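Each chain is listed here by its residues.
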Amino acid sequence: MGLQACLLGLFALILSGKCSYSPEPDQRRTLPPGWVSLGRADPEEELSLTFALRQQNLERLSELVQAVSDPNSPQYGKYLTLENVADLVRPSPLTLHTVQKWLLAAGAQKCHSVITQDFLTCWLSIRQAELLLPGAQFHHYVGGPTETHVVRSPRPYQLPQALAPHVDFVGGLHRFPPTSSLRQRPEPQVTGTVGLHLGVTPSVIRKRYNLTSQDVGSGTSNNSQACAQFLEQYFHDSDLAQFMRLFGGNFAHQASVTRVVGQQGRGRAGIEASLDVQYLMSAGANISTWVYSSPGRHEGQEPFLQWLILLSNESALPHVHTVSYGDEEDSLSSAYIQRVNTELMKAAARGLTLLFASGDSGAGCWSVSGRHQFRPTFPASSPYVTTVGGTSFQEPFLITNEIVDYISGGGFSNVFPRPSYQEEAVAKFLSSSPHLPPSSYFNASGRAYPDVAALSDGYWVVSNRVPIPWVSGTSASTPVFGGLLSLINEHRILSGRPPLGFLNPRLYHQHGAGLFDVTHGCHESCLDDEVEGQGFCSGPGWDPVTGWGTPNFPALLKTLLNP
């Protein structure tokens with residue numbers, strides 16, 4: 001049956017599986033550990049589904065990102081507005097008409113679009129959704145540390161072939177909420193405490209990265225920063241207040257979060273949510289801070305996808321966003337991963353600095369056709385974000401040089417090719433590293449990450465009014481680096497310059513100037529006879545464990561202040 005015939009029979013296709021295709025045949029649908037099915041969902045129950053509509057002019061968007069992010073370009077810093085982006089990527093009139101007609105025929109109610117018109121979120125009954133998406137079969141599931149409830153389909157869905165040029169994927173069917181990889185490590189043993197610190201606090205960070213008490217926001221500019229949380233966790237204002245009383249006495253800071261986007265529940269505070277807020281607001285001290293919070297969302301929604309949709313529907317956003325979310329690349333469908341990458345590219349075009357944690361599994365490991373390979377994570381592997389790895393102090397209780405934190409995520413994407421901005425740095429690493437794993441373990445031509453790093457080991461966090469020591473993970477290093485970039489944005493904005501925007505082209509062009517090079521240590525990987533648990537190792541210059549290194553604030557400010 002031809003495409004024209006398919007278009008003529010849209011309504012009939014809702015009721016039959018003929019002339020259909022699977023948009024996400026490669027999406028993993030196995031139940032994550034710790035989740036259980038509670039059985040089929042009631043046919044009359046309502047759920048929310050998100051339809052990602054096919055965008056236009058993506059090559060042009062990529063060119064514009066390069067132009068506004070490259071310090072050698074005359075367009076550097078001349079970011080697009082959300083309206084500019086919308087004019088560029090908005091789906092074609094045919095796409096909008098075809099999808100809306102299809103949804104209307106299926107009885108979809110309360111459909112909401114965004115400014116860019118490339119997402120539609122609709123409410124349907126389970127019965128309508130299963131007719132609309134042949135093959136889907138919705139079940140209730142519960143799992144995760146907070147006993148989260150979701151509705152998902154363990155079976156793949158189909159779409160009418162006529163929609164193939166118009167819909168990238170449908171969100172809310174397969175992907176489960178992420179779980180935190182943050183961990184509390186045992187306290188290292190030490191005798192005597194003279195001149196020692198007993199864990200990472202804001203004062204330790206400020207001393208190591210050479211911040212003075214004057215290195216805080218002015219409180220007068222329109223500068224702002226944000227962290228995004230997708231773990232069904234909350235932060236408490238009372239925890240933030242206690243944290244600042246304990247650890248924020250020697251620098252000016254804001255007493256509370258400026259704005260919460262989403263819902264803040266009244267449940268117990270989560271350690272990761274508390275960590276994000278407390279260290280973003282103490283590193284980026286005295287700067288207006290937003291929190292994107294996913295608790296209270298509907299069971300059908302994917303929290304990370306909802307955050308991306310929020311970005312596409314808000315003209316005025318914080319300049320720096322730090323995110324501790326990630327999934328293995330191989331667990332995500334090609335349609336989903338490519339579309340999310342486009343959303344990150346849209347943010348880069350608007351001059352947003354997106355920082356993602358590199359993950360806490362080193363190089364990762366999985367088995368492919370009976371052979372081990374390293375396992376990259378996404379969005380850490382996206383070429384349009386700045387990815388933050390992790391370090392430890394060389395001497396655990398002294399503010400000394402940093403070495404690799406063995407959990408620091410890093411490696412090479414199996415999806416995205418190496419971007420031009422990092423060609424020179426990565427080629428140099430591959431040709432000079434004395435400890436390179438066998439080539440069969442990684443894709444040497446892929447986007448390499450992380451780009452930078454910061455301390456990720458041994459943090460103090462206040463959660464539910466209890467100070468908790470030795471919290472570790474790149475979920476800690478990411479808000480710290482983000483806060484320092486917000487301080488640099490403060491200087492740029494006050495001197496009439498645009499915010500930093502997408503940092504990577506400049507970062508690589510300047511060969512990591514303003515960063516402490518981390519040259520000792522390796523991260524973990526496959527426990528087998530060939531690599532024996534060792535992934536990549538750090539060395540001079542860029543490496544896929546700590547990137548270009550950790551911040552030396554005065555030098556980093558100097559190198560990023562102009563132009």
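Analysis parameters
Residues numbered from 1 in each chain as written. Predicted model: local features only at pLDDT ≥ 70, side-chain atom pairs only at ≥ 80, totals over all residues. Heavy atoms only, no water. UniProt positions renumbered as here; feature names shortened; annotations may be inferred. Phe/Tyr/Trp six-rings, centres within 6.5 Å; stacked < 30°, edge-to-face > 60°. Buried < 20%, exposed > 50% of the residue type's maximum accessible area, 1.4 Å probe, protein only. Helix = DSSP H or I, 4+ residues; strand = E, 2+ residues; numbered from the N terminus. Pairing = 2+ DSSP bridges. Disulfide = S-S within 2.5 Å. Axes fitted to C-alpha atoms, helices over the stretch in contact; angles between N-to-C directions. Parallel < 35°, antiparallel > 145°, perpendicular 65-115°, else oblique. Left-handed = near helix turned anticlockwise from the far one by under 90°. Contact = heavy atoms within 4.5 Å. Nonpolar A, V, L, I, M, F, W, Y, C, P; charged D, E, K, R; others polar. Polar contact = N/O pair within 3.5 Å; in protein donor to acceptor, adjacent residues only side chain to side chain. Arc of directions from axis to C-beta. Expected span 1.5 Å × (residues − 1).

As annotated in an unreviewed UniProt entry, the protein chain carries the name Tripeptidyl-peptidase 1 and is attributed to Colobus angolensis palliatus. Looking at the Function (unreviewed entry) heading of the UniProt record, one finds this comment for the protein chain: "Lysosomal serine protease with tripeptidyl-peptidase I activity. May act as a non-specific lysosomal peptidase which generates tripeptides from the breakdown products produced by lysosomal proteinases. Requires substrates with an unsubstituted N-terminus." As stated in UniProt under Catalytic activity (unreviewed entry), the record for the protein chain gives "Release of an N-terminal tripeptide from a polypeptide, but also has endopeptidase activity."

Would you mind going over the packing of aromatic side chains with me for this structure?
Per the stated rule, a full pass over the model turns up 29 aromatic pairs. Geometrically, the ring pair formed by Trp290 and Tyr292 is tilted, given 6.4 Å between the ring centres and 40° between the ring planes. Of the two residues, Trp290 and Tyr292, neither departs from the other in class, the shared state being buried. Taking 5.7 Å as the distance between ring centres and 90° as the angle between the ring planes, the aromatic pair formed by Phe429 and Trp542 counts as edge-to-face. Highlighted residues: Phe429 in helix α12 (residues 423-432) and Trp542 in the loop between β29 (534-537) and β30 (550-551), separated in sequence by 113 residues. Across the pair, exposure class does not vary: Phe429 and Trp542 are buried alike.

Would you take a moment to explain the pairing of strand β3 (residues 46-53) for this structure?
Regular strands have side chains that alternate between both faces of the sheet. Burial within β3 is extensive, with seven of its eight residues counted as buried. With seven bridges connecting them, β3 and strand β5 (residues 119-125) associate as antiparallel partners. In the strand pairing of β5, Leu49 is matched with Cys122. Across four bridges, β3 lies against strand β9 (residues 167-171) in antiparallel orientation. Note on β9: the bridge partner recorded for Leu53 is Val167.

I keep staring at the state of the cysteines and nothing clicks. Help me out?
Among covalent bonds in proteins, the disulfide is the one between the sulfur atoms of two cysteines. Enumeration over the complete set of coordinates arrives at three disulfides. Across the disulfide from Cys111 sits Cys122; the S-S distance is 2.0 Å. Disulfide Cys111-Cys122: torsion about the S-S bond near 115°, hence right-handed. Of the two residues, Cys111 sits in strand β4 (residues 109-112) while Cys122 sits in strand β5, which places them 11 residues apart along the sequence. Owing to a relative accessible area of 34%, Cys111 belongs among the partly exposed residues under this scheme. A sulfur-sulfur separation of 2.1 Å characterises the disulfide bridge that pairs Cys365 with Cys526.

What should I look at first to understand the packing of helix α13 (residues 474-494) against helix α15 (residues 553-561) in this one?
Each pair of packed helices can be described by the angle between their axes along with the distance between the axes. Remark: α13 packs on α15, axes separated minimally by 10 Å, with the N-to-C direction vectors making an angle of 50°. The orientation of α13 with respect to α15, classified from their angle, is oblique. Judged by the twist between their axes, the crossing of α13 over α15 is right-handed. Residues Phe481, Leu484, Leu485, Leu487, Ile488, His491 and Arg492 of α13 lie in contact with α15, whose contacting residues are Phe553, Leu556, Leu557, Leu560 and Leu561. Of the residues contributing to the contact of α13 with α15, the split by class is 10 nonpolar, one polar and one charged.

Could you clarify how one ought to interpret the UniProt feature "binding site: Ca(2+)" (unreviewed entry) in the protein chain in this entry?
Feature annotation in UniProt places "binding site: Ca(2+)" (unreviewed entry) on Asp517, Val518, Gly541 and Asp543, given in this structure's numbering. Taken along the chain, the residues just named run across 27 residues; in space they keep tight, none of their C-alpha pairs more than 9.7 Å apart. Along the chain, Asp517 turns up in the loop between β27 (515-516) and β28 (522-524). In this structure Asp517 comes out as partly exposed when scored by relative accessible area, which is 36%. With respect to the helices and strands, Val518 occurs in the loop between β27 and β28. Ignoring anything within four residues of it in the chain, the contact list for Val518 reads Thr391, Glu402, Ile403, Val404, Ser538, Gly539, Asp543, Thr546, Gly549 and Thr550.

Explain the side chain of His139 to me, please; I cannot follow it from the model alone.
Locating His139 in the fold gives a position in strand β6 (residues 139-143). Of the residues examined, His139 reaches a relative accessible area of 12% and is grouped as buried. Among the polar contacts listed, one links the side chain of His139 to the side chain of Gln137, at a separation of 3.1 Å. Dropping the residues within four chain positions of it, His139 is found in contact with Ser37, Gly39, Arg40, Ala41, Val150, Val151, Arg152 and Pro154.

Honestly, α12 in this entry has me stumped. Any pointers?
Along an α-helix, residues three or four apart share an orientation, since each turn contains 3.6 residues. Those residues of α12 that fall on the buried side of the exposure criterion are Ala425, Val426 and Phe429. Buried positions in α12, seen along its axis, are confined to an arc of 90° and lie on one side of it. Summarising the geometry of α12, the exposed residues directed more than 90 degrees from the buried face are Glu424, Lys428 and Ser431. Elements that come into contact with the buried residues of α12 comprise β22 (411-417), β23 (446-449), α14 (504-509) and β29.

For this particular structure, what's the right way to read the sheet that holds β9?
Two orientations exist for strands paired in a sheet by backbone hydrogen bonds: parallel and antiparallel. The strand order across the open sheet built from four strands is β4-β5-β3-β9, with neighbouring strands paired in antiparallel fashion. Both edges of this open sheet fall to β4 and β9, since each of them pairs with a single strand only. Pairs of neighbouring strands in the sheet enclose a mean axial angle of 20°, with direction left out of account. Pairing of β4 with β5 involves two bridges; the strand directions are antiparallel. Along β5, the bridge assignment pairs His112 with Thr121. Its contacts with the sheet place helix α5 (residues 93-105) against β3, β4, β5 and β9, and it is angled at close to 160° to β3.

I keep staring at helix α9 (residues 271-283) and nothing clicks. Help me out?
Taking 1.5 Å per residue as the helical rise, α9 with its 13 residues ought to reach 18 Å, and the 18 Å between its terminal C-alpha atoms agrees with that figure. Where burial is concerned, most of α9 is hidden: 12 out of the 13 residues are buried. Among all positions in α9, only Glu272, Ala273, Ser274, Leu275, Asp276, Val277, Gln278, Tyr279, Leu280, Met281, Ser282 and Ala283 are buried.

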